[in-house]
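Working through the structure, step by step
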Amino acid sequence: AVASPFGMNTEVISDGVNGFLPSNDKEWCDKLSLLIESSELRIKLGENGRKIVEQEYSVKANASKFIDVLKNCRTKGVKQ
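Residues numbered from 1 in each chain as written. Predicted model: local features only at pLDDT ≥ 70, side-chain atom pairs only at ≥ 80, totals over all residues. Heavy atoms only, no water.

1. What to know about the overall build of the protein
Scanning the protein from terminus to terminus reveals four helices and zero strands. In the protein, the order of α-helices and β-strands from amino to carboxyl end is α-α-α-α. A globule of 80 residues ought to have a C-alpha radius of gyration of about 12 Å, yet the protein, at 18 Å, is considerably larger. Based on the C-alpha atoms only, the size of the protein along its principal axes is roughly 55 × 25 × 15 Å. Burial statistics for the protein: of 80 residues in total, 16% are counted as buried. In the protein, once contacts between residues fewer than 6 apart in sequence are set aside, the share between residues at least 24 apart is 33%. Carbon and sulfur atoms make up 56% of the accessible area of the protein, which amounts to about 6300 Å² in all. (Helix = DSSP H or I, 4+ residues; strand = E, 2+ residues; numbered from the N terminus. Rg over C-alpha atoms; globule rule 2.2 N^0.38 Å. Buried < 20%, exposed > 50% of the residue type's maximum accessible area, 1.4 Å probe, protein only. Contact = heavy atoms within 4.5 Å. Areas by Shrake-Rupley, 256 points an atom, 1.4 Å probe, with all protein chains shown as cover.)

Next up, the structure:
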């Protein structure tokens, strides 16, 4: 991933680990050039990105939160 360093992007992307967060035009060009030139880097960052998504943002990782929300709705008398 290559994204602007704002909002949720800074929570999901660790610069240089699972993507890049360039903050100006030169950095955007430099980071995109790195990725274009290196299939190894694309693979490494992609694999690291997938791990983060699976660990933090997947349905499996958040199943207990979903269940808690549903249980909470039930106990508060929300009609089904």
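Continuing now.
2. Considering the environment of S33
By the element assignment, S33 lies in helix α2 (residues 25-37). With relative accessibility at 31%, the residue S33 sits in the partly exposed group. For the pair S33 and V69, spaced 36 residues apart in sequence, the C-alpha separation works out to 44 Å.

3. Quick word on the packing of α2 against helix α3 (residues 39-57)
Running from N to C, α2 and α3 cross one another at 105 degrees; their axes reach a closest spacing of 5 Å. The pairing of α2 with α3 is recorded here as roughly perpendicular in orientation. Together, L34, L35, I36 and E37 of α2 and S39, L41, R42 and L45 of α3 make up the contact between the two elements. Taken together, the residues that form the contact of α2 with α3 break down as five nonpolar, one polar and two charged. (Axes fitted to C-alpha atoms, helices over the stretch in contact; angles between N-to-C directions. Parallel < 35°, antiparallel > 145°, perpendicular 65-115°, else oblique. Nonpolar A, V, L, I, M, F, W, Y, C, P; charged D, E, K, R; others polar.)

4. What to know about the pattern of salt bridges
Going through the model one piece at a time under the given rule, you end up with two salt bridges. One salt bridge in this structure joins K26 and D30, with 2.8 Å as the shortest N-O distance. Separated by four residues within a single helix, K26 and D30 lie in helix α2, roughly one turn from each other. Exposure remark for K26: the relative accessible area of 57% places this residue in the exposed category. In this structure D30 comes out as partly exposed when scored by relative accessible area, which is 35%. Where E54 meets R50, a salt bridge forms, and the shortest distance between an N and an O atom there is 2.9 Å. Of this pair, E54 and R50 are both found in helix α3, four residues apart, which corresponds to roughly one turn of the helix. The exposure class assigned to E54 is partly exposed, which follows from its relative accessible area of 40%. (Salt bridge = Lys/Arg side-chain N within 4 Å of Asp/Glu carboxyl O.)

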